[in-house]
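Report on the structure
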Amino acid sequence: MNDQSMNAPRASQLDVLVLQHTLEDSPGYLGQWLDAQGVSWRVLCAEAGEAYPDSVSGYRALAVLGGEWGANDDRPTLRQAEALILEADALGIPVVGHCLGGQLMARAFGGRVERLPQPEVGWLPIRRRESDAALTWLGDASETVVYQWHYDSFVELPEHAELLATSPICAHQAFAIGPHLAMQFHIEITPRKIATWLAEPGDVYPAAITLHPDSVQSPADMNAATAKYQAGSQALADHIYTQWRSRWR
């Protein structure tokens, strides 16, 4: 289900608002999961010229996607997304953030986002911390392989946030704050999204393969890893999104 199929319904008729920043970063598996749940949802894409709403009042949940923009970029829609995250928190509406979306959550709640010494691109392991919150959000596996494509990260967590996972390259992979979850990785990833990104990977990625072979995979290696890890990624997404839904109003 998408916004077009619902003839632009009012927020009061919808369960979930999905904020999409850039054209290439679609809802992916998140959209498939929402459809499978039979819930109503609306996606708005800033780069496509679709205005974000003034308020999230009336929605039951908010999801914020990733994108090639930097969280610190001077873009009005990024600041508006942060304002909507804060309003959702005030209203008790649970938020889930993916990559850039997680970075915007960190900024909104008082954390800090910066460029990392080296990027993470491809299928890479994260390690879950030993805490009740980490077990609840991320499940039993102490280490899992997830899909990454980021050059920045939330290097300083907001006050009262709890770190849930880490990796050798990126110390902060996920955090929980109240009913919300911020992730540095792309749990919504699908093979189609990967193919779209590899078709136009940007100027930094080709050189990064050579500069950082331990954390940046070549297209061939990435595609081979997709066949190996996609099913596990979707299983983890099912778990994470189910935990998110359990917090909906």
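Notes on the structure follow. Everything quoted here is computed from the prediction, not taken from an experiment.

Definitions and limits used
- Residues numbered from 1 in each chain as written.
- Predicted model: local features only at pLDDT ≥ 70, side-chain atom pairs only at ≥ 80, totals over all residues.
- Heavy atoms only, no water.
- Phe/Tyr/Trp six-rings, centres within 6.5 Å; stacked < 30°, edge-to-face > 60°.
- Lys NZ or Arg CZ within 6 Å of the ring centre and 35° of its normal.
- Helix = DSSP H or I, 4+ residues; strand = E, 2+ residues; numbered from the N terminus.
- Contact = heavy atoms within 4.5 Å.
- 1 Å grid on protein atoms, 1.4 Å probe; cavity = no way out; pocket = protein on both sides within 12 Å on 5 of 7 lines; lining within 4 Å.
- Points joined across faces, edges and corners; volume = space filled by probe spheres on them.
- Nonpolar A, V, L, I, M, F, W, Y, C, P; charged D, E, K, R; others polar.

Remarks on the packing of aromatic side chains
Tallied over the entire structure, the rule returns ten aromatic pairs. Taken together, the aromatic side chains of Trp123, Tyr147, Trp149, Trp197, Tyr205 and Tyr229 make up a single cluster linked through ring pairs. Over the aromatic face of Trp69 sits the side chain of Arg75, whose NZ or CZ is 4.0 Å from the ring centroid. For the cation-ring pair, Arg247 lies above Trp137, with the distance from its terminal atom to the ring centre recorded as 4.2 Å.

Here's the deal with the environment of Met183
Note that Met183 resides in strand β9 (residues 180-183). It is 9.6 Å that separates the C-alpha atoms of Met183 and Phe154, two residues lying 29 residues apart in sequence. The residues touching Met183, leaving out its near neighbours within four places in the chain, are Val96, Gly97, His98, Cys99, Gly102, Phe154, Gln173, Ala174 and Ile240.

Looking at the layout of surface pockets
What the largest pocket holds in volume is close to 510 Å³. Among the elements of the structure, α3 (100-108), β6 (143-156) and α5 (191-199) are those that each provide at least two residues to the lining of the largest pocket. Ranked by the residues each element gives to the lining of the largest pocket, the list is headed by β6, at four residues. The residue makeup of the lining of the largest pocket, split by class, is eight nonpolar, seven polar and seven charged.

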